[in-house]
Amino acid sequence: TTPINPERILFVDDDEILRSMVTESCGGRFDITAVSTFEQGLAHIRTEAYDVLLVDVVLGSHSGIDLVRALQAQAPHTPAIMITAYANLDMALSAMELGVMAFLQKPFRLETLESALDKAISRCRMDRCRNVFNRYLERSNAIYRQAIADAVVEQRKLFLSTLSTLTQAIDARDAYTGKHSIAVGTLARNLASAAGLESDEIRDAETAGLLHDIGKIAISETILCKPAALSTEEFAIMREHPDRAIDILRALPDMEQVIAAIHTHHERVDGMGYPRRLAGKNIPVLGRILTICDAWDAMTSDRPYRQAMTPTQAERVMIDCRGTQFDPEYLDLFLATHQSCA
């Protein structure tokens, strides 16, 4: 009996007797379409899908090899079997280069043809299973990628919640510091954007601004809120807050750039900053950006021990420190951008 979904075979040969013989012999197992000309075969290839092409080498003024080429262009993985009464080496090599599975010389036994068809069908089924598996794999990968993306979104939400809690903790200890962190975050985001940084770097710049003073949680309120200049010993303790920030933040995910910026926001391009006395481009870009934004807001805000500078006064101080404390390129960009927004 014919299978419910038999494989489809396109048989192209101008020998009517052979077409009838093959159709009668194999038609019970396969769905065979038998045509006599190159043009008919080409029309079927372009409009129908077949599992195997069985084709004579000589088709009038055309070659069966040309039909195999047309098949490869239309359906590259469809196997082909060639039949010829006049085999030669060049013809066989051309057929092999096209990936023809078998080369049958007339006259041939029907058992030989059936064996060749069985091998071609087996490869066809393997390719079909491989395609199904690849589609399954692609679909699974898409689902997996979406699951990762969803997890990242949830992780980001959790992080932002943690960030909010940390910022509130700073604000609860020192109202100035909390407001300062929010302002520095906004300034850092704007400067990173003006500098043409990537979106994730802009986001990290804002996050670093919000958290850059988180290490002050570990500093005594006596020092933190002292209404006078700090002593040498107190200032040494205050200088530890970048390191304390690292201790607090190192366990949070995807925070490498943020942590590097926070750890270096008191470094100076002349190498005289802290905590590691880095200089120039050894200071990360976000660290150099954060230094400028932190200093600006610090100078233009009231502190426990002094009143705020005017923007003009702060600008003069920062220009005086151009190339020593501040990166010249980012300082110039900050001042130009800040003035345009004023």
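Just so it is clear, the structure is predicted and the values come from calculations on it, not from any experiment.

1. Description of the sheet that holds strand 3 (residues 52-56)
Ordered by their spatial adjacency, five strands build an open sheet running 2-1-3-6-7, and the pairing between neighbours is parallel. Unpaired on one side and paired on the other, strand 2 (31-35) and strand 7 (102-105) mark the two borders of the sheet. Strand after strand, the sheet turns through a mean of 15 degrees between neighbouring axes, direction not considered. Strand contacts of helix 1 (residues 16-26): strand 1 (8-12), strand 2 and strand 3, with the helix running at about 175 degrees to strand 2, the strand carrying the most contacts. On the sheet, helix 3 (residues 64-74) packs against strand 1, strand 3 and strand 6 (80-84) and is oriented at approximately 160 degrees with respect to strand 3.

2. A closer look at the pairing of strand 3
Burial of strand 3 is extensive: five of the five residues sit out of reach of the surface. Because side chains alternate across strand 3, one face comprises the buried residues V52, L54 and D56, and the other comprises L53 and V55, equally buried. Note that strand 1 and strand 3 share four bridges and pair parallel. Across the sheet, the residue bridging to I9 is V52, located in strand 3.

3. Some remarks on helix 10 (residues 241-249)
What helix 10 keeps buried is the set H241, P242, A245, I246 and L249. Take helix 10 and look down its axis: the buried residues cluster within an arc of 150 degrees, on one side only.

4. Description of the pattern of salt bridges
The full count for this structure, using the stated rule, is 16 salt bridges. A salt bridge links D213 to K216; the shortest N-O distance between them is 3.5 Å. For the salt bridge of E240 with R244, the shortest nitrogen-to-oxygen distance reads 3.5 Å. With a relative accessible area of 36%, E240 lands in the partly exposed category. Judged by relative accessible area, which is 26%, R244 ranks as partly exposed. It is possible to trace a salt-bridge network through shared partners that takes in E240, R244, D247 and R250.

5. Regarding the side chain of H180
Tracing the backbone shows H180 in helix 6 (residues 175-194). Assessed through its relative accessible area of 1%, H180 is described here as buried. Looking at H180, its side chain comes within polar contact range of the side chain of D294, at 2.6 Å. Discounting chain neighbours no more than four positions away, the residues touching H180 are H212, D213, D294, D297 and A298.

6. A short note on the packing of helix 2 (residues 38-47) against helix 3
Orientation of helix 2 relative to helix 3, taken along the N-to-C sense of each, is 10 degrees, at an axis distance of 10 Å. In terms of axis orientation, helix 2 runs roughly parallel to helix 3. Residue-level contacts link F38, G41, L42, I45 and R46 of helix 2 to D66, L67, A70, L71 and Q74 of helix 3. Residues belonging to the contact of helix 2 with helix 3 are distributed by class as follows: six nonpolar, two polar and two charged.

Reading the values: the criteria
Residues numbered from 1 in each chain as written. Predicted model: local features only at pLDDT ≥ 70, side-chain atom pairs only at ≥ 80, totals over all residues. Heavy atoms only, no water. Pairing = 2+ DSSP bridges. Helix = DSSP H or I, 4+ residues; strand = E, 2+ residues; numbered from the N terminus. Axes fitted to C-alpha atoms, helices over the stretch in contact; angles between N-to-C directions. Contact = heavy atoms within 4.5 Å. Buried < 20%, exposed > 50% of the residue type's maximum accessible area, 1.4 Å probe, protein only. Arc of directions from axis to C-beta. Salt bridge = Lys/Arg side-chain N within 4 Å of Asp/Glu carboxyl O. Polar contact = N/O pair within 3.5 Å; in protein donor to acceptor, adjacent residues only side chain to side chain. Parallel < 35°, antiparallel > 145°, perpendicular 65-115°, else oblique. Nonpolar A, V, L, I, M, F, W, Y, C, P; charged D, E, K, R; others polar.

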